[in-house]
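Listed below are the residues making up each chain.
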Amino acid sequence: MVVEMLFVMIKRAANMNLISGFKPATDANAIHHLQFADDLIVFLDDKLVSGMKVNFRKSVIVAVGEAVNAEASALLFGCPLATFPMKHLGIPLGSKSKPVGVWDVIIQKFQQRMSNYEAVLMGSSKTKSKRSWVAWKTVNLPKERGGVGIKKLRIMNKSYMLSGYGGMEIRIMHYGGKWLITSLVVNSGHRCLFWKDNWVNGQSLELLFPALYKITRKKDATIQDFLVISSSNSWNLDFCRNLKESEVEDVALLLNLLPPIDINSGPDQRVWVAGNNSFSVAACCKALEEDGLIIFPYKSVWNPKIPQKVIFFIWILCYNDAPTFDSYKNSYVVNGCLLCKKAAETNQHIFLHYDTTRLVWHYFLKYYKLQWVFQDCVKNIIWEWRKKKATSTSIRKRIWDMHQFAIWWEIWMERNERCFNGKYKPM
C-alpha cells in the first residue's frame, strides 16, 4: 500500500512538471523513478536540486573496457574523451598502485610544499647539510606555547589509543612519567559495542555469555543497533536461529543485567578518571607534551596577513636563533656587524640596539605619538607592541601589527645584501 501511494505521488508530481525524468529513446515513455525492494531512485533535473548545471567543458568521458559509442558520447556532451591511466585532483587513476613510481608525482608535490619548512626548521636539504636553527622539541610545541604546532606522531598515536572504544571500559597509559586514565561512559549507546565493550559491571557480554555471542548475527554492532526504540525501549538481539532452553535462560539473565539506555541522553564518551572531565584527543596531546614556554605572543607572531617566510623568521628571532655571525662558533668567521662595523653581530645588536634600527623605530613611534622603552628581547617587544595597539578603526589599527615585522625583515634583507652580494644601501 505504501509503495503504491508513493508511485501515485511521483506520477502526480510528474504530471505537474515538478520532476522531469528522462527518456531512453525519442519515442519512449519518460522514466521518473526506479524502485527495487527498499531502494528508490528518483530522476530530477539537477537545477531543481542544487541550482547548478554540469560544466561539460571541465568534464571528460572515460571508457572502461571496449566502448563502441565513446566518441559519439563525447561529441554529444561536448567534452573530451580520455583513457586510463589518468590523473584526478593530482592522484593517478587507472594505473597499477603497487609500483612505487606511480606515487612519485604526489611525493614530489609534498616535498615542494615541505621545502620551505625544511629550510627554516631543519636547516638541511638533500644537497646541503646545515645546522638546525631551532630545536625540534620547540617546533613540536603548540603555537600558544612558542612552537609551530607540528604534533609528534607518537603523542598523537597514544592520544587516539586512549580515545578508542572496543573492549576496554578503563584505559590506562604511562608515557613520559605521566599516568593517563580514562573511563567509558555509556549514554545513548551509539558508539559503544554491545558484545565487546566492558559496559556491564566492568565486563563484556562476549565473555559473560559466550554461547549467545556465537549465535548472534551482529557481533560488532553497537548498543543502539539492538535497541528497539519505543515507549518501553525493548531489545532485539537478532540471533541466527531459534534458542534452546538453556539459551533462553541466558537471555533472561542478560536482559536483567542490562542497564536502562536513554537515546536522548547524549553521545557515548570517554572521560578522565581524575576530575570526570570529557576526554578529547587535543587535551590528551596537551597533557602529554613536554613543558615549554607558557607565555608566547602567538596571536601577533602567527598573523595570517603576513607572508609565511617572514612569520617563521620572526618566530626564530623570538628564540634569538637568527643565523648571525655569533652563531658560527669557529675560527674561520670573523664576528663583525656588517651594518655599523663597530660591534659584534648578534640578534640583539642588529634588531634592537643598532643605531639605525632605533631611528627607524622612533620614526614610526613619532608618527603614532608614543613614548617607548625598548625591551631586552624580540619576544617582549612583540608583547609590548600588542598592548599599545591602536583602539580606533582607522588604517593605523589594521597595519599596527605589521610594523615590527616590516622593520625587522627589511633590516635582515639589508644585512644579507651586504653579506652575500656586497651591495650597500644608504641607511
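These numbers come from a predicted model, not from an experiment.

A.B. asks: Lay out the overall build of the chain with the relevant residues and their values.
C.D. replies: When its secondary structure is counted, the chain shows 18 helices and 11 strands. Taken over 427 residues, the chain has a buried fraction of 33%. Sequence-distant contacts, at least 24 apart, represent 51% of the contacts inside the chain between residues at least 6 apart. Summed over its atoms, the accessible surface of the chain is roughly 28100 Å², and 57% of this surface lies on carbon and sulfur atoms.

A.B. asks: I'd like a description of the packing of helix H13 (residues 308-317) against helix H18 (residues 403-421), backed by residues and values.
C.D. replies: To describe two helices that pack against each other, one gives the angle between their axes and the distance between the axes. Two numbers describe how H13 lies on H18: the axes approach to 10 Å, and their chain directions differ by 90°. In terms of axis orientation, H13 runs roughly perpendicular to H18. Within the contact between the two elements, H13 uses Lys309, Val310, Phe313, Ile314 and Leu317 and H18 uses Phe405, Trp408, Trp409 and Trp412. Among the residues making up the contact of H13 with H18, the classes are represented as eight nonpolar, no polar and one charged.

A.B. asks: Give me the lowdown on the nonpolar core, citing residues and values where you can.
C.D. replies: Side chains of a nonpolar character, in soluble globular proteins, are inclined to be buried together. Counting residues in each nonpolar core, the largest one holds 41 residues, and the members touching the most others are Val301, Phe313, Ile314, Trp315, Leu317, Phe351 and Trp408. Broken down by secondary-structure element, the contributors of at least two residues to this core are H13, helix H14 (347-353), helix H15 (355-368), helix H16 (378-387) and H18. Top contributing element to this core by residue count: H13, with eight residues. Judged by nonpolar contacts, the second largest core, of 21 residues, contains Leu184, Trp199, Ile215 and Phe226.

A.B. asks: Describe the packing of H16 against H18, listing the residues and the values that go with them.
C.D. replies: The interhelical angle for the contact between H16 and H18, taken along N-to-C directions, is 150°, at an axis separation of 11 Å. With respect to each other, H16 and H18 are oriented roughly antiparallel. Together, Val378, Ile381, Ile382 and Trp385 of H16 and His403, Gln404 and Trp408 of H18 make up the contact between the two elements. In terms of residue class, the contact of H16 with H18 is made up of five nonpolar, two polar and no charged.

A.B. asks: Break down a nonpolar patch on the surface for me, with residues and values.
C.D. replies: Together, Val64, Phe84, Ile91, Leu93, Trp103, Ile106 and Ile107 line one region of the surface with nonpolar side chains, adding up to about 610 Å² of accessible area. Looking at the nonpolar patch, the elements that each hand over two or more residues are strand S6 (91-93) and helix H4 (104-121).

A.B. asks: Talk me through the packing of aromatic side chains; I want residue IDs and the actual numbers.
C.D. replies: Tallied over the entire structure, the rule returns 14 aromatic pairs. Between Trp302 and Trp315 the ring centres are 6.5 Å apart and the planes differ by 45°, which places this aromatic pair in the tilted class. Within this pair, whereas Trp302 is found in the loop between helix H12 (298-301) and H13, its partner Trp315 is found in helix H13, the two being separated by 13 residues in sequence. The pair Trp302 / Trp315 is uniform in exposure class, with both members buried. Consider the rings of Phe312 and Trp315, whose centres lie 6.3 Å apart with planes at 90°: the pair is edge-to-face. Of this pair, Phe312 and Trp315 both sit in helix H13, three residues apart, which is roughly one turn of that helix.

A.B. asks: Provide a residue-level description of H18, including the pertinent values.
C.D. replies: Owing to its 3.6 residues per turn, the α-helix brings residues three or four apart onto one side. For H18, built from 19 residues, the straight-helix expectation of 27 Å at 1.5 Å per residue is met to within 8% by its first-to-last C-alpha distance of 26 Å. Within H18 the residues assigned to the buried category are His403, Gln404, Phe405, Ile407, Trp408, Trp409, Ile411, Trp412, Glu414, Arg415, Asn416 and Arg418. Phi for Gly422, located one or two positions after H18, is positive at around 70°.

A.B. asks: Before we move on, could you go through the side chain of Glu414 and cite the residues and values that matter?
C.D. replies: Examined against the element boundaries, Glu414 turns out to sit in helix H18. Here the side chain of Glu414 touches Arg418 through a polar contact of 2.7 Å, side chain to side chain.

A.B. asks: Which residues make up the confidence of the model for the chain, and what values go with them?
C.D. replies: Scored by pLDDT, the chain comes out at a mean of 76, with 77% of its residues at no less than 70. The least confident element of the chain, judged by mean pLDDT, is helix H2 (residues 46-50) at 53; the most confident is helix H8 (residues 210-215) at 89.

A.B. asks: Describe the pattern of salt bridges, and please don't skip the residues or the numbers.
C.D. replies: Scanning the model with the defined rule gives six salt bridges in all. A salt bridge links Asp238 to Arg217; its shortest N-O distance comes to 2.9 Å. Linking Asp238 in the loop between strand S10 (234-235) and helix H10 (245-257) with Arg217 in the loop between H8 and helix H9 (223-226), this pair joins segments that are 21 residues apart in sequence. What emerges from the salt-bridge pattern is a single network uniting Arg217, Lys218 and Asp238.

A.B. asks: Which residues make up the side chain of Thr222, and what values do they have?
C.D. replies: Within the secondary structure, Thr222 sits in the loop between H8 and H9. Excluding its chain neighbours within four sequence positions, the residues that come into contact with Thr222 are Gly189, His190, Arg191, Cys192, Leu193 and Phe194.

A.B. asks: If you had to explain the environment of Ser265 to someone new, which residues and values would you point to?
C.D. replies: One can find Ser265 in the loop between H10 and strand S11 (269-272). Along the primary structure Ser265 and Gly189 are separated by 76 residues, whereas in three dimensions their C-alpha atoms are 9.5 Å apart. If near-sequence neighbours (up to four positions away) are discounted, Ser265 is found in contact with Asn187 and Ser188.

A.B. asks: Can you lay out unusual backbone geometry for me, pointing to particular residues and giving the numbers?
C.D. replies: The phi dihedral of Asn320 is positive, around 55°, even though this residue is not glycine. Among the secondary structure elements, Asn320 is positioned in the loop between H13 and H14. Under the relative-accessibility criterion, Asn320 is labelled partly exposed at 31%. Of note in the backbone geometry, Lys341 takes a positive phi value of approximately 55° without being a glycine.

A.B. asks: So what's going on with the environment of Phe77? Which residues, and what values?
C.D. replies: Here Phe77 shows up in helix H3 (residues 70-77). Sequence spacing of Phe77 and Asn55 is 22 residues, and the spatial spacing of their C-alpha atoms is 9.9 Å. The residues contacting Phe77, other than those within four sequence positions of it, are Phe56 and Ile61.

A.B. asks: Explain the state of the cysteines to me, using residue names and the numbers behind them.
C.D. replies: In the structure shown here, the tally under the stated rule is zero disulfides. No disulfide involves Cys318; its sulfur sits 7.8 Å from that of Cys377, the nearest cysteine. Look at Cys318 and you get buried, because its relative accessible area is 10%. Unpaired in this structure, Cys337 has its nearest cysteine sulfur neighbour in Cys340, at a distance of 3.7 Å. Look at Cys337 and you get buried, because its relative accessible area is 3%.

Cut-offs applied
- Residues numbered from 1 in each chain as written.
- Predicted model: local features only at pLDDT ≥ 70, side-chain atom pairs only at ≥ 80, totals over all residues.
- Heavy atoms only, no water.
- Helix = DSSP H or I, 4+ residues; strand = E, 2+ residues; numbered from the N terminus.
- Buried < 20%, exposed > 50% of the residue type's maximum accessible area, 1.4 Å probe, protein only.
- Contact = heavy atoms within 4.5 Å.
- Areas by Shrake-Rupley, 256 points an atom, 1.4 Å probe, with all protein chains shown as cover.
- Axes fitted to C-alpha atoms, helices over the stretch in contact; angles between N-to-C directions.
- Parallel < 35°, antiparallel > 145°, perpendicular 65-115°, else oblique.
- Nonpolar A, V, L, I, M, F, W, Y, C, P; charged D, E, K, R; others polar.
- Core = buried A, V, L, I, M, F, W, Y, C linked by side-chain atoms within 4.5 Å.
- Patch = residues over 30% accessible without salt bridge, like charges linked within 9 Å, V, L, I, M, F, W, Y side chains within 5 Å.
- Salt bridge = Lys/Arg side-chain N within 4 Å of Asp/Glu carboxyl O.
- Phe/Tyr/Trp six-rings, centres within 6.5 Å; stacked < 30°, edge-to-face > 60°.
- Expected span 1.5 Å × (residues − 1).
- Polar contact = N/O pair within 3.5 Å; in protein donor to acceptor, adjacent residues only side chain to side chain.
- pLDDT = per-residue confidence, 0-100.
- Disulfide = S-S within 2.5 Å.

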